[in-house]
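What follows is each chain in one-letter form.
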Amino acid sequence: MTDYNAIDALLADARTPADLPPADQRRALRQALHLSRTQVAHALGVSPSTVGGWETGRDPSGELREKYAYFLSGAQEKLRTQNETPPHPKTGTPDDHTTTADEDAPRPTPQPCVLCGAPATDEVEGYPQHLHPDDCTHPTPAPPHPETTPQPTAPPAPHPNPTPAPRPQAPTRTSENRPEPAPRRRTPQTHPRTPDLITQAVQQALDTHAGDLTAATAELQRRAIPDAMALLDATRIGARYDIVGHPPLPDILRKKSAHGADEVWEARPHWTRQDPPPAATEVTALDINGAYLSALKTHLPLGALEYSTGNVHSRRRAGIHLITPPEWDHHPYLPNPLGNREEPGPVWVTEPTLRLLQRLATDQYGPLCDPPVIHESFTSGATEQLFEKFRQALRDAREKAITEEDEVTLEYVKSMYSKFVSTMGESNYNRALYRPDWMHIIRSQAFVNLWLKAHKAHTAGLTVMRVMGTDELHIAGDWRQVFTEGRGVSQVKVKDVYAATDTGHH
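Residues numbered from 1 in each chain as written. Predicted model: local features only at pLDDT ≥ 70, side-chain atom pairs only at ≥ 80, totals over all residues. Heavy atoms only, no water.

**Side note on a nonpolar patch on the surface**
Then step 1. Nonpolar side chains collect at one region of the surface, where Tyr4, Ile7 and Leu11 lie side by side and expose about 330 Å² of accessible area between them.
Then step 2. Tracing the backbone through its elements, the reader meets leucine 11 in helix α1 (residues 4-13).
Then step 3. Under the relative-accessibility criterion, leucine 11 is labelled exposed at 57%. (Patch = residues over 30% accessible without salt bridge, like charges linked within 9 Å, V, L, I, M, F, W, Y side chains within 5 Å. Areas by Shrake-Rupley, 256 points an atom, 1.4 Å probe, with all protein chains shown as cover. Salt bridge = Lys/Arg side-chain N within 4 Å of Asp/Glu carboxyl O. Helix = DSSP H or I, 4+ residues; strand = E, 2+ residues; numbered from the N terminus. Buried < 20%, exposed > 50% of the residue type's maximum accessible area, 1.4 Å probe, protein only.)

Structure follows, in structure tokens:
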């Protein structure tokens, strides 16, 4: 029998969703009040990226919609009141105008964003910048700086044999044992837009080799590093913060021998479950698409690394940290997020590894472990957006190549981002960019992304069988309930299917 009381209660609670102004008006209202996305997000209990999504067309639902509608209505009323309030006779501003001393407070006068050069009212660690990539635009070219020479108006042409840049000298130390700050250069940019360098390079290679796909692909893969650097330059058009290629580096980032390694631990996973399910169980080896491409979105230090001590971590800085890692009691069914490290005691890890361990120590994850203890750090003001337009250009080219079944372009793009990441450290193949800290951080971010996918599968009730490197995840169970199969960056491919007791996969 129908429960009429339940229906009446349902109808009583039902309400028409609150009206929201168009997306462009939402952003305009916030900016007119000189509020940052972070401030609005904090008040509504969401992330800044969520507010960014609402300002670009997505709509919240439920209680969040009511709260956001209340904020926007209040913002409209606030602006109307300010416009009707006469200015203060001394300050020239309405009497109810207030300011804030918060770190995220908007700048009173817009300054050029360090990423795109357009006016930005927000600031992160002293760097004016947009807090959301959607706010970054292709601005009018900046005027030349008096201490620099204007660059040519055409993007740098990819060259297979770039002239090597000199190797960096060993860093000097101050009396406080911190590296001297790297020089900052402001390079004028005069390109009005990002050209399609990838399409041009592919067409040129095909023309050179008379349509021979194998020969064209081989040439493009040989050119991948200098072409990636040319694309990076083109995607940073308008940026007023020049990427410092050879800053002073702390000793922990220097190799101890010609064929040795530095002291940074990237937490690469190498884990296999020791108690496999019954033999009849089928295991699927999944390949995570575009692992390094996705990892380009990570917190990277903008300037020279500065030394500090103490168990203190700023979310607005990034770098390398000496930590005592927590104990990990879940090895039978989940890999240690620190990887297979057997040496006891403190270890130098990168920003993504530290942030993952800190997340796993929160109630949201159980917690799964205690928080790590930080002893020393080399950090600088950070941003997630440093390579964002570069990443988007590569991602778009990759997706277009997949759609058009263009394997030449696909292999070329894959070589560009994988070699770019692998050679930005101490490599003879890329003398233009010497940032081993960035290389370690990006690779660690790829490992973190893989670990999080394993954890997602585990929490969905699947059996995680193996986690390897940057992109290998073996799952027993219906993995399609968690992941989408395909060749896109957010999808996975099936590499193999085997029985759980097949030792050839261990």
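There is more to say, and it comes next.
**Notes on the nonpolar core**
Then step 1. Formed by 37 residues in total, the largest nonpolar core has its most connected members in Phe387, Phe390, Leu394 and Phe420.
Then step 2. Those elements that provide at least two residues to this core are α6 (197-208), α7 (213-222), α8 (224-235), α9 (291-295), α11 (388-403), α12 (407-423) and α13 (436-459).
Then step 3. Examining the composition of this core, we find that 7 residues originate from one element, α12, more than from any other.
Then step 4. Setting aside residues no more than four positions away along its own chain, leucine 394 makes contact with Ile198, Leu231, Leu293, Val413, Met416 and Tyr417. (Core = buried A, V, L, I, M, F, W, Y, C linked by side-chain atoms within 4.5 Å. Contact = heavy atoms within 4.5 Å.)

**Overview of the packing of aromatic side chains**
Then step 1. All chains considered together, the criterion is met by 9 aromatic pairs.
Then step 2. Between tyrosine 68 and phenylalanine 71, the ring centres sit 6.3 Å apart and the planes meet at 15°, which makes this aromatic pair stacked. Taken together, the residues tyrosine 68 and phenylalanine 71, both in helix α5 (residues 62-84) and 3 residues apart, mark about one turn of the helix. Exposure class is identical for tyrosine 68 and phenylalanine 71. Each is buried.
Then step 3. With 5.6 Å between their ring centres and 85° between their planes, phenylalanine 387 and tryptophan 438 make a pair best called edge-to-face. Of this pair, phenylalanine 387 sits in the loop between β12 (373-383) and α11 while tryptophan 438 sits in helix α13, and the two are 51 residues apart along the sequence. Neither phenylalanine 387 nor tryptophan 438 differs from the other in exposure class; each is buried.
Then step 4. By the ring-pair criterion, three or more aromatic residues cluster together here, those being Phe387, Phe390, Phe420 and Trp438. (Phe/Tyr/Trp six-rings, centres within 6.5 Å; stacked < 30°, edge-to-face > 60°.)

**So, unusual backbone geometry**
A negative phi holds for most residues other than glycine; trans holds for most peptide bonds.
Then step 1. Cis geometry is adopted by the peptide bond preceding proline 367, which originates at glycine 366 and carries an omega value of -5°.
Then step 2. Within the element layout of this structure, proline 367 appears in the loop between α10 (351-360) and β12.
Then step 3. Backbone geometry at histidine 34 places phi at a positive 60°, although glycine is not the residue there.
Then step 4. With respect to the secondary-structure elements, histidine 34 resides in the loop between α2 (23-32) and α3 (37-44).

**Points about the packing of α8 against α12**
Then step 1. Put simply, α8 and α12 touch, their axes get as near as 8 Å, and they point 85° apart. If you check the angle between α8 and α12, you find them roughly perpendicular. Facing Ala224, Ile225, Asp227, Ala228, Met229, Leu231 and Leu232 of α8, the residues of α12 in contact are Tyr412, Ser415, Met416, Lys419, Phe420 and Thr423. (Axes fitted to C-alpha atoms, helices over the stretch in contact; angles between N-to-C directions. Parallel < 35°, antiparallel > 145°, perpendicular 65-115°, else oblique.)

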